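Descriptive analysis of the structure
Here is how the chains run, residue by residue.
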Amino acid sequence: MADYLVRATAMGDQIRAFAVTARDTVEYARQAHNTSPTVTAALGRLLSAGAMMGAMLKNDTDVMTLQVQGDGPVRGLTVTADAEGHVKGYADCPQAMRPANAQHKLDVGGVVGRGFLTVIRDMGMKEPYSSRVELQSGEIGDDLTYYFASSEQVPSSVGLGVLMNHNNTVAQAGGFIIQLMPFADDDTVSMLETNLKRITSVTDLLRNGLTPEDILTEITQGMDLKTGAVSPVSFQCGCSRERVEKALILMGQAELDSIIADGKGADLNCRFCNTDYHFTTDELKKIRAEIR
C-alpha cells in the first residue's frame, strides 16, 4: 500500500488529528543515505512527523523544515515538507550507531542525544518563522509534543514509530498527531487522556497492521471521529541538474575560474536525496560564459 496521510476531527471539532503511514518514504531515505538501523528509525520518525506537520500548512507554496541538533553520534537530522505530502530529509552522520536501549529497542534518544529542535515555517514572507526548543528525550515524538505545547500553545500528543525487518529494511513506519483545540472541554480532555494511556507504542500499532484510520479510531474511541481528506505521501526532492547549474552560476566568476583552472571539473551532491552531479571542465566553461 502506498504511503498516505489522513486528517480527522473528533468531539465536534474539539480535537484535530493526523495519522500517516510512511514505510515507502522511510525505506527510500534508508536506501538513498545508507542509514544504520538506529538512524533509519530516527530519520523515519522525523519524516513521518514532517509529513503530518506539512499538512498543517495553509498554502501550497509554504514549506516546513524540522531540524534536530544533538550531541549524540548522529549529530543532526533535517527534514523538509510541503502541504502536498512531499518530504525529504537527511542525517548528518547516517552510519551512526548506538547499542540497544534498556528495553532492547533501537536507541533513538541515545543516537540523537541532548540538544535542540528547530521548526522553521517559510510562508513566502521576508523572513521565515522559526522556533527552537530544547530536546526532551531525543525520541522525536516527545520533543515535538513539547514543541507544540511550549511554542504554539497547542496541547498535543505526538506518536511516531519505525519498525525494522531483520535484514534492516523498513517494515513499517508512521505515526499520529492529536491536538486539543482551545475550546475543548474537560470531559473531552479526560476521555482523550484515558484513550492515549491505552496506546503502548506506535510500533506496536504498526506491527499489528493498523492503518492510519485504524490508529485514529483506536485513539478516539467513543469520541465521534470524523475522517476527512486523505492525501498521498512520498519522498520527493526538487533538485535537478538545471538547479545545480544555477547554483554554480551564483558562485560567481572568480570561484568558477578557480575550479576551471584546476582542470578536474566539479562534483556536487544534494544532501537531501544524495544524488551526485558531475560537471566537466568544458561544461563549467559554458556555465561561466553565461555570467554577465
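Report on the accompanying structure. Quick caveat, the model's predicted, so the values are computed rather than measured. (Residues numbered from 1 in each chain as written. Predicted model: local features only at pLDDT ≥ 70, side-chain atom pairs only at ≥ 80, totals over all residues. Heavy atoms only, no water.)

With mixed pairing, 6 strands are arranged side by side in an open sheet as β7-β6-β3-β4-β5-β11. In this open sheet, the two edge strands, each paired with only one partner strand, are β7 (129-134) and β11 (234-235). Summarising the sheet, strand β3 (residues 63-70) and strand β6 (residues 115-122) pair through 8 bridges and their orientation is antiparallel. Bridge pairing links Gln 69 to Phe 116 in β6. (Pairing = 2+ DSSP bridges. Helix = DSSP H or I, 4+ residues; strand = E, 2+ residues; numbered from the N terminus.)

Turning our eyes to something else, we now look at the pattern of salt bridges. Considering all chains together, one arrives at 11 salt bridges under this definition. Residue Glu 139 is joined to Arg 45 by a salt bridge in which the shortest nitrogen-to-oxygen separation is 2.7 Å. With Glu 139 in the loop between β7 and α4 (141-151) and Arg 45 in helix α2 (residues 37-54), the pair connects residues that are 94 residues apart, well separated along the chain. With relative accessibility at 24%, the residue Glu 139 sits in the partly exposed group. In this structure, Asp 107 engages Arg 98 in a salt bridge whose closest nitrogen and oxygen atoms are separated by 3.3 Å. (Salt bridge = Lys/Arg side-chain N within 4 Å of Asp/Glu carboxyl O. Buried < 20%, exposed > 50% of the residue type's maximum accessible area, 1.4 Å probe, protein only.)

Turning our eyes to something else, we now look at the side chain of Arg 45. On the basis of relative accessible area, Arg 45 is assigned to the buried category, the value being 13%. Excluding residues that lie within four positions of it along the chain, Arg 45 makes contacts with Val 108, Glu 139, Ile 140, Leu 160, Gly 161 and Val 162. (Contact = heavy atoms within 4.5 Å.)

Orientation of helix α1 (residues 23-33) relative to α2, taken along the N-to-C sense of each, is 135°, at an axis distance of 10 Å. The orientation of α1 with respect to α2, classified from their angle, is oblique. Classified by chirality, the crossing of α2 by α1 is right-handed. Contact with α1, carried on its side by Thr 25, Val 26, Ala 29 and Arg 30, involves Thr 40, Leu 43, Gly 44 and Leu 47 of α2 and no other residues of that element. Split by residue class, the contact of α1 with α2 holds 4 nonpolar, 3 polar and 1 charged. (Axes fitted to C-alpha atoms, helices over the stretch in contact; angles between N-to-C directions. Parallel < 35°, antiparallel > 145°, perpendicular 65-115°, else oblique. Left-handed = near helix turned anticlockwise from the far one by under 90°. Nonpolar A, V, L, I, M, F, W, Y, C, P; charged D, E, K, R; others polar.)

Quick look at the sheet that holds strand β9 (residues 170-180) now. Reading across the sheet, the 5 strands line up as β8-β9-β2-β1-β10 and stay open at both edges, with antiparallel pairing between neighbours. Bordering the open sheet on either side are β8 (156-164) and β10 (226-232), each of which pairs with just one other strand. Between one strand and the next, the sheet's axes are offset by a mean angle of 10°, whatever the strand orientation. Strand direction decides the pairing type here: strand β1 (residues 4-10) and β10, joined by 5 bridges, are antiparallel. Its bridge partner being in β10, Val 6 is matched across the sheet by Val 230. Running over the sheet, α2 touches β1, β2 (15-21), β8 and β9 and is turned about 140° from β8.

The biggest cluster of nonpolar side chains holds 55 residues, and the ones touching the most others in it are Met 53, Leu 77 and Val 112. Of the residues forming this core, the biggest block, 10 residues, is contributed by α2. Other than its neighbours up to four places away in sequence, Leu 77 contacts Ala 42, Leu 43, Leu 46, Leu 66, Gln 67, Val 68, Tyr 90, Ala 91, Val 112 and Ile 140. Among the nonpolar cores identified, the runner-up in size contains 21 residues, and Tyr 4, Ala 10, Leu 180 and Ile 215 belong to it. (Core = buried A, V, L, I, M, F, W, Y, C linked by side-chain atoms within 4.5 Å.)

Turning to helix α7 (residues 212-219), a few remarks are in order. Three or more residues of α7 are buried, namely Pro 212, Ile 215, Leu 216 and Ile 219. An end-on view of α7 places all buried positions within 95° of arc, on one side of the element. Where α7 is buried, its residues meet β1, β2, β9, α5 (186-197) and α6 (202-207). (Arc of directions from axis to C-beta.)

Counting buried residues in β1 gives 5 out of 7 residues, a clear majority hidden from the surface. Bridge count for β1 against β2 is 7 bridges, and the pairing is antiparallel. Its bridge partner being in β2, Ala 8 is matched across the sheet by Ala 17. The hairpin formed by β1 and β2 contains 4 residues between the paired strands, and Met 11 there has a positive phi angle of roughly 50°.

What the rule picks out here adds up to 0 disulfides. No disulfide involves Cys 93; its sulfur sits 18 Å from the nearest other cysteine sulfur, which is in Cys 270. With no disulfide partner, Cys 237 has as its closest neighbouring cysteine sulfur the one in Cys 270, 3.5 Å distant. (Disulfide = S-S within 2.5 Å.)

Another aspect to go through is a nonpolar patch on the surface. A cluster of nonpolar side chains, namely Met 123, Met 125 and Tyr 129, defines an oily patch on the protein surface of about 310 Å² accessible area. Note on placement: Met 123 falls in the loop between β6 and β7. The class for Met 123 is partly exposed, based on a relative accessible area of 38%. (Patch = residues over 30% accessible without salt bridge, like charges linked within 9 Å, V, L, I, M, F, W, Y side chains within 5 Å. Areas by Shrake-Rupley, 256 points an atom, 1.4 Å probe, with all protein chains shown as cover.)

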